[in-house]
2 protein chains.
Amino acid sequence: MVTIKDIAKATGCSPSTVSRVIADNSRISEKTKQKVRAAMRELGYHPNLTARNLVARSTKTIAVIMPSSADTSLQNPFFSEVLRGIGSHLHSRQFSLLLASGATETEKFKEVERLVLGKYVDGIILLYSRLNDPILSFLKEQEFPFVMVGKPLQYTDDIVHVDNDNIMAGKDITEYLISQGHKRITFIGGATDLVVTIDREKGFETALTEAGLPVTEDEVIYTEFLKSGGREAVEKILKMKTKPDAVVVSDDLISIGVISTLEEHGLSVPGDISLASFNNIYFSEIIHPSLTTVDIRIYELGVESSKAVIKLCTDQKLDTKRIIIPHSIVYRNSVRAVE
Amino acid sequence: MVTIKDIAKATGCSPSTVSRVIADNSRISEKTKQKVRAAMRELGYHPNLTARNLVARSTKTIAVIMPSSADTSLQNPFFSEVLRGIGSHLHSRQFSLLLASGATETEKFKEVERLVLGKYVDGIILLYSRLNDPILSFLKEQEFPFVMVGKPLQYTDDIVHVDNDNIMAGKDITEYLISQGHKRITFIGGATDLVVTIDREKGFETALTEAGLPVTEDEVIYTEFLKSGGREAVEKILKMKTKPDAVVVSDDLISIGVISTLEEHGLSVPGDISLASFNNIYFSEIIHPSLTTVDIRIYELGVESSKAVIKLCTDQKLDTKRIIIPHSIVYRNSVRAVE
DNA sequence: CTGTTAGCGCATTCAC
DNA sequence: GTGAATGCGCTAACAG
């Protein structure tokens, strides 16, 4: 391997000079710079990143912590999309992206510990949130630079996080349904311990209440995310004395299952039941019917979270701990107006 | 930061002894091991991974190169799934996973160059293949340990790659369609410069030929992957003098678009047209109709490719350059038998 | 069994 | 402007 010393010898100058040329130090004459650079090219020199990181006491790499690899929610295109946003911005800032996971929560914790304590990464992005997450406590206790995508269950004012205003989003989409003449609306949510689910449902209820529509417990159904593909949810709906004329579904992915199950039971969307959901993943547009959904700008969630971690690891100030990405409704064909 | 020296001082022994304790060297007395470990715990010592990597001349991290982040194919759940397989196995072998990409091909090349020449990773997994890919030439020229997921366009016998037997898969699924009584079958493929597309189509043709069914050019349609969601493809079909009674689609994702477009035109799957495709992504099961598709075991593709790179960077022998993951057909509801 | 020495490849202080 | 010396934190000879 060709090192800084080799090219020092080749050019007849000292290693420190070479190092300065690499850093493009202004106190080096143009002449020697040229000479040194020529030698670097000829000998095929390339700086050893590990050595550099060691002295710099920084790796310029950010770890992204995914849900446990067993978690079925990983199937959600949401993750590829945030990852794309994160990767794109990190790269533009010359940072590397380390993808970390683990089969179990314990393994994941060990991995985070290894990376943080071993100073292998400068910052961390958490792509999920769990109640009483030991990783969270650990990171806080270490005062390690990290940000979370989504809303933390605890310490909300304390943890830097990038999120949508999901309460508002839930309210907005529900109001839209109401404005289209729907009166009997049911909410179908994913895992109940996810803040997104809770927030969106909260917005849903607010909208109903403000519109003077009744909110019965019956009107909220939770379903195992992905597992049944919303099958159970639909079965519950079918058993209702009066069926809803519209449903708000907390995730596009669940919508797919809901629609197909509905169809199997001879119910058409939006013919018999209107449906609106959240995320606006790629599929929402190509499936039939195309989904009216809240675009939460997943890519931007990724970009902003990486902007935030980079700020944190470079000791820059953040204006706020809670960074909100605006949402908007994409109107497509899963909702129809009733007279 | 607490280093090896600190705990050396604290225990009154030398740094090397501490280092040996970390490595659990057998020539250290149990007594001092205990003592040293106690000190490590008390002072909160953790080995600095960068320093360790520097002397080890290895980082135990593998870079996964994704398609350009602009590439729409990234939307394909295929990637999350291979990534999951790769991550899971790498982690089990104590390797880290660096996710690398770039906005353009040039940027991606620069990034790979930086990582390889900078010795920041021990090996590379390529998640795509492009004709005349400079990255490929570079890696080969550097004799850097890398494997590719999918079949390389060139140097097929020369590049370690993990793939399905897509020709066979194409043949199998087509034969199944034929066995169900279908006679006029059309192939709908994604990007024509992808070897998967080519191979699957090849298998398709073979099956037709062997069954004595005619193969006209007309029977093969290529569509922009994801872009139109198979819309164009369907429009071409609708213009045919005699419509096919079945289609083989080269990717589940395209199927979704094809089915929904077909429905918009009043054609039902499998009622009017049977459909079968490849990959068996999560959606295939929950959409309506559920897809009869070739399960290519995406997760395993990931696992095997990481097994292979690890072997390569640890100088182990590989039995073969071409590692084949077996496929199987998953029979669901998008195909019906005709009399 | 343990300590001493050296060095991984680079950046940075201090001299000149 | 440039060089010499020092150290980042760790491991690996070589001694003893």
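Residues numbered from 1 in each chain as written. Chains lettered and ligands numbered in written order. Predicted model: local features only at pLDDT ≥ 70, side-chain atom pairs only at ≥ 80, totals over all residues. Heavy atoms only, no water.

**Details of the overall build of chain A**
And then number 1: A count of helical and extended segments in chain A gives 13 helices and twelve strands.
And then number 2: Along the three orthogonal principal directions, the C-alpha set of chain A runs to about 90 × 40 × 35 Å.
And then number 3: Across the 339 residues in chain A, those meeting the buried criterion constitute 55%.
And then number 4: Expressed as a percentage of contacts within chain A between residues at least 6 apart in sequence, the contacts between residues at least 24 apart total 69%. (Helix = DSSP H or I, 4+ residues; strand = E, 2+ residues; numbered from the N terminus. Buried < 20%, exposed > 50% of the residue type's maximum accessible area, 1.4 Å probe, protein only. Contact = heavy atoms within 4.5 Å.)

**Considerations on the protein's contact with DNA strand D**
And then number 1: Near DNA strand D there are 27 residues, and of these Thr17(A), Arg20(A), Ile4(B), Arg20(B) and Tyr45(B) occur at the shortest range.
And then number 2: Contacts to DNA strand D include Arg20(A), whose side-chain N or O atom sits 2.3 Å from a base oxygen.
And then number 3: Listed by contribution, the elements that provide at least two residues to the surface near DNA strand D are α2 (15-22) and α4 (49-56) of chain A together with α2 (15-22) and α4 (49-56) of chain B.
And then number 4: The element that contributes the greatest number of residues to the surface near DNA strand D is α4(B), accounting for four residues.
And then number 5: The residue inventory of the surface near DNA strand D, partitioned by class, reads eleven nonpolar, eleven polar and five charged. (Near = heavy atom within 4 Å. Polar contact = N/O pair within 3.5 Å; in protein donor to acceptor, adjacent residues only side chain to side chain. Nonpolar A, V, L, I, M, F, W, Y, C, P; charged D, E, K, R; others polar.)

**Focus: the relation of the copies chain B and chain A**
And then number 1: Structural alignment of chain B on chain A gives an RMSD of 0.1 Å, achieved by rotating through 180 degrees and translating 0.0 Å along the axis. The superposition operator between the copies reduces to a two-fold rotation axis. Measuring from the rotation axis to each C-alpha of chain B, the shortest distance belongs to Leu98(B), at 2.2 Å.
And then number 2: Looking at the interface residues of chain B, 100% of them are also at the interface in chain A, so both copies use one shared face. (Least-squares fit on C-alpha atoms with pLDDT ≥ 70 in both.)

**Some words on the pairing of strand β3 (residues 123-126) of chain A**
Residues and elements named next belong to chain A.
And then number 1: Of the two faces of β3, the one holding Gly123 and Ile125 and the one holding Ile124 and Leu126 are both buried throughout.
And then number 2: Across four bridges, the pairing between strand β1 (residues 61-65) and β3 is parallel. Paired with Ala63 across the bridge in β3 is Ile124.
And then number 3: With three bridges connecting them, β3 and strand β4 (residues 146-149) associate as parallel partners. Note that in β4 the partner of Ile125 across the bridge is Val147.
And then number 4: Between β3 and its parallel partner β4, the chain crosses via helix α7 (residues 134-142), and the hand of that crossover is right-handed. (Pairing = 2+ DSSP bridges. Right-handed = clockwise from strand over helix to strand, strands pointing away.)

**Some remarks on the packing of aromatic side chains**
And then number 1: All told, the structure shown has eleven aromatic pairs over all chains when counted by the stated rule.
And then number 2: Each ring, one from Tyr282(A) and one from Phe283(A), has its centre 6.0 Å from the other, and the planes form 70 degrees; the classification is edge-to-face. For the pair Tyr282(A) and Phe283(A), a shared accessibility class is recorded, and that class is buried.
And then number 3: Measuring from centroid to centroid gives 5.6 Å for Phe109(B) and Phe138(B), while their planes differ by 75 degrees, and the two rings are edge-to-face. (Phe/Tyr/Trp six-rings, centres within 6.5 Å; stacked < 30°, edge-to-face > 60°.)

**Considering the interface of chain B and chain A**
By a widely used convention, the size of an interface equals the accessible area lost when the partners come together.
And then number 1: Each side of the interface is counted separately: chain B has 47 residues, and chain A has 47 residues.
And then number 2: Here chain B meets chain A over a buried area of about 4,600 Å², counting both sides, of which 62% is carbon and sulfur.
And then number 3: There are zero salt bridges connecting chain B and chain A.
And then number 4: Between chain B and chain A we count eleven residue pairs in polar contact (both at pLDDT 80 or more) in total. (Buried area = accessible area lost by both parts, 1.4 Å probe. Salt bridge = Lys/Arg side-chain N within 4 Å of Asp/Glu carboxyl O.)

**Details of the sheet that holds strand β9 (residues 274-279) of chain A**
All names here are of chain A.
And then number 1: On the basis of which strands lie adjacent, the open sheet formed by six strands has the order β7-β6-β8-β9-β10-β12 and mixed pairing. Each of the sheet's edge strands pairs with one partner strand only, and the pair in question is β7 (220-222) and β12 (328-330). The average angle at which neighbouring strand axes cross in this sheet is 20 degrees, direction not considered.
And then number 2: The pairing of β9 with strand β10 (residues 292-295) spans four bridges and is parallel. Considered in β10, the bridge of Asn279 is made with Asp295.
And then number 3: Sitting on the sheet, helix α8 (residues 166-179) is in contact with β6 (185-189), β8 (246-249), β9, β10 and β12, with an inclination near 160 degrees to β9. (Axes fitted to C-alpha atoms, helices over the stretch in contact; angles between N-to-C directions.)

**What to know about the protein's contact with DNA strand C**
And then number 1: Lining the immediate environment of DNA strand C, one finds 27 residues, of which Ile4(A), Tyr45(A), Ser16(B), Thr17(B) and Arg20(B) sit closest.
And then number 2: Between DNA strand C and the protein, one listed contact pairs a phosphate oxygen with a backbone N or O atom of Ser14(B) at 3.0 Å.
And then number 3: Here Arg57(B) contributes a side-chain N or O atom positioned 3.4 Å from a sugar or linking oxygen of DNA strand C.
And then number 4: Split by residue class, the surface near DNA strand C holds ten nonpolar, eleven polar and six charged.

**Topic: the side chain of Thr50(B)**
And then number 1: Mapped onto the secondary structure, Thr50(B) falls in helix α4.
And then number 2: On the accessibility criterion, Thr50(B) (5% relative accessible area) is buried.
And then number 3: Not counting residues within four places of it along the chain, the set of residues in contact with Thr50(B) comprises Thr50(A), Asn53(A), Leu54(A), Thr59(A), Gly118(A), Lys119(A) and Tyr120(A).

**Structural notes on a nonpolar patch on the surface**
And then number 1: Taken together, the side chains of Leu54(A), Val55(A), Leu54(B) and Val55(B) present a nonpolar region at the surface, about 340 Å² in accessible area.
And then number 2: Listed by contribution, the elements that provide at least two residues to the nonpolar patch are α4 of chain A together with α4 of chain B.
And then number 3: Mapped onto the elements, Leu54(B) comes out in helix α4. (Patch = residues over 30% accessible without salt bridge, like charges linked within 9 Å, V, L, I, M, F, W, Y side chains within 5 Å. Areas by Shrake-Rupley, 256 points an atom, 1.4 Å probe, with all protein chains shown as cover.)

**Some details on the pattern of salt bridges**
And then number 1: Taken as a whole and judged by the stated rule, the model has 28 salt bridges over all chains.
And then number 2: Ionic pairing is found between Arg37(A) and Asp24(A), a salt bridge with its closest N-O pair at 3.0 Å. With Arg37(A) in helix α3 (residues 30-43) and Asp24(A) in the loop between α2 and α3, this residue pair connects regions lying 13 residues apart in the sequence.
And then number 3: Assessed through its relative accessible area of 25%, Arg37(A) is described here as partly exposed.
And then number 4: A salt bridge links Arg114(B) to Glu111(B); the shortest N-O distance between them is 3.2 Å. Note that Arg114(B) and Glu111(B) are positioned in helix α6 (residues 105-117) at a spacing of three residues, about one turn of the helix.
And then number 5: Residue Arg114(B) is classed as partly exposed on the basis of its relative accessible area of 32%.

**Notes on the domain arrangement of chain A**
And then number 1: Segmenting chain A into domains produces domain 1 (4-47), domain 2 (61-164 + 298-324) and domain 3 (166-296).
And then number 2: One C-alpha centre belongs to domain 1 of chain A, the other to domain 2 of chain A; they are set 38 Å apart. (Domains from an automatic or database assignment.)

**Observations concerning the UniProt feature "domain: HTH lacI-type" (unreviewed entry) in chain A**
And then number 1: The UniProt feature table records "domain: HTH lacI-type" (unreviewed entry) at residues 2-56 of chain A.
And then number 2: For the annotated span residues 2-56 of chain A, helix accounts for 69% and strand for 0% of the residues, and the straight-line distance between the end C-alpha atoms is 21 Å. (UniProt positions renumbered as here; feature names shortened; annotations may be inferred.)

**Let's talk about empty space enclosed by the protein**
And then number 1: Evaluated as defined, the whole model comprises one cavity of 30 Å³ or more.
And then number 2: What the largest cavity holds in volume is close to 150 Å³.
And then number 3: Lining the largest cavity, in full, are Ile256(A), Ile259(A), Ser260(A), Glu263(A), Ile287(A), His288(A), Ile256(B), Ile259(B), Ser260(B), Glu263(B), Ile287(B) and His288(B).
And then number 4: For the lining of the largest cavity, the secondary structure elements donating two or more residues are α11 (252-264) of chain A together with α11 (252-264) of chain B. (1 Å grid on protein atoms, 1.4 Å probe; cavity = no way out; pocket = protein on both sides within 12 Å on 5 of 7 lines; lining within 4 Å. Points joined across faces, edges and corners; volume = space filled by probe spheres on them.)

**Describing the sheet that holds strand β9 (residues 274-279) of chain B**
All names here are of chain B.
And then number 1: Reading across the sheet, the six strands line up as β7-β6-β8-β9-β10-β12 and stay open at both edges, with mixed pairing between neighbours. The sheet is open, and its two edges are formed by β7 (220-222) and β12 (328-330), each paired on a single side. The mean angle between the axes of side-by-side strands here comes to 20 degrees, regardless of whether they run parallel or antiparallel.
And then number 2: Looking at chain direction, strand β8 (residues 246-249) and β9 are connected through three bridges and run parallel. Bridge assignment links Val248 to a residue of β9, and that residue is Ala276.

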